[in-house]
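Structural features, examined
The lines below spell out each chain.
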Amino acid sequence: MIQRAADVLFDVPDEMHEEIILLIDAVTHDARTRAPDLAAAFGEWCWLVYTVHGDVVEVLDVGCAR
């Protein structure tokens, strides 16, 4: 997941990197949200769509409003 997250960061403005990293960190530590279907997390400017497979969080989409 770390490499995929790093690859995504190349596609967004530099000032959005920290917010995306915080979103990814938040969903990996959220023990309550373990739905096998799609879920989403939203920050002030960015979002990510993910799904959980056991202990693995798969980030399916990430983006930022510009």
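1. Points about the overall build of the chain
Assigned secondary structure in the chain consists of two helices and three strands. From first element to last, N terminus to C terminus, the chain shows the α and β order α-α-β-β-β. Counting only residues that meet the buried cut, the chain has 33% of its 66 residues in that class. Looking at the chain alone, contacts between residues at least 24 apart form 30% of all its contacts between residues at least 6 apart.

2. What to know about the sheet that holds strand S3 (residues 56-64)
Across the sheet, which stays open at both edges, the three strands sit in the order S1-S2-S3 with antiparallel pairing between neighbours. The open sheet has two edge strands, strand S1 (39-42) and S3, and neither has a second partner. Strand-to-strand twist across the sheet, computed as the mean angle between neighbouring axes with direction ignored, equals 25°. Here strand S2 (residues 46-53) runs beside S3; their pairing, made up of eight bridges, is antiparallel. Its bridge partner being in S3, tryptophan 47 is matched across the sheet by glycine 63. Sheet strands in contact with helix H2 (residues 17-28) are S1, S2 and S3, and its direction is about 30° off that of S2.

3. Quick word on the pairing of S2
Two strands pair when backbone bridges link them, and S1 and S2 are joined in this way by four bridges, in the antiparallel orientation. By the bridge assignment for S2, alanine 39 is matched with tyrosine 50. Here S2 hands over to S3 after two residues, with glycine 54 in that stretch at a positive phi of 65°.

4. A word on the state of the cysteines
Throughout the structure, instances matching the rule amount to one disulfide. Here cysteine 46 pairs with cysteine 64 through a disulfide, and the sulfurs are 2.4 Å apart. One disulfide, between cysteine 46 and cysteine 64, carries an S-S torsion of 95° and so falls in the right-handed class. Here cysteine 46 is found in strand S2, whereas its partner cysteine 64 is found in strand S3, with 18 residues between them in sequence. As far as the burial class goes, cysteine 46 and cysteine 64 line up, both buried.

Thresholds applied
One numbering rule holds for all chains: residues counted from 1, following each sequence as written. In view of the model being predicted, local features appear only for residues whose pLDDT reaches at least 70, and side-chain atom pairs are presented and counted only at 80 or more, with totals across whole chains, interfaces and linings using the full set of residues. Side-chain measures were taken over the full set of non-hydrogen atoms in the model, leaving aside hydrogen atoms and water. Here a helix means four or more residues in a row that DSSP labels H or I, a strand means two or more in a row labelled E, and each is numbered from the N terminus. Only protein chains enter the accessibility calculation, which uses a 1.4 Å probe. A residue is then buried if its area is under 20% of the maximum for its type, exposed if over 50%, and partly exposed in between. Contact between two residues is taken to exist if any of their heavy atoms lie within 4.5 Å; hydrogens are not considered. Strands pair, by our definition, only if DSSP identifies at least two bridges between them. Every axis in this analysis is a line fitted to C-alpha atoms, fitted for helices over the stretch in contact. Angles between the N-to-C directions lie between 0 and 180 degrees. A pair of sulfur atoms, both from cysteines and within 2.5 Å, is called a disulfide here.

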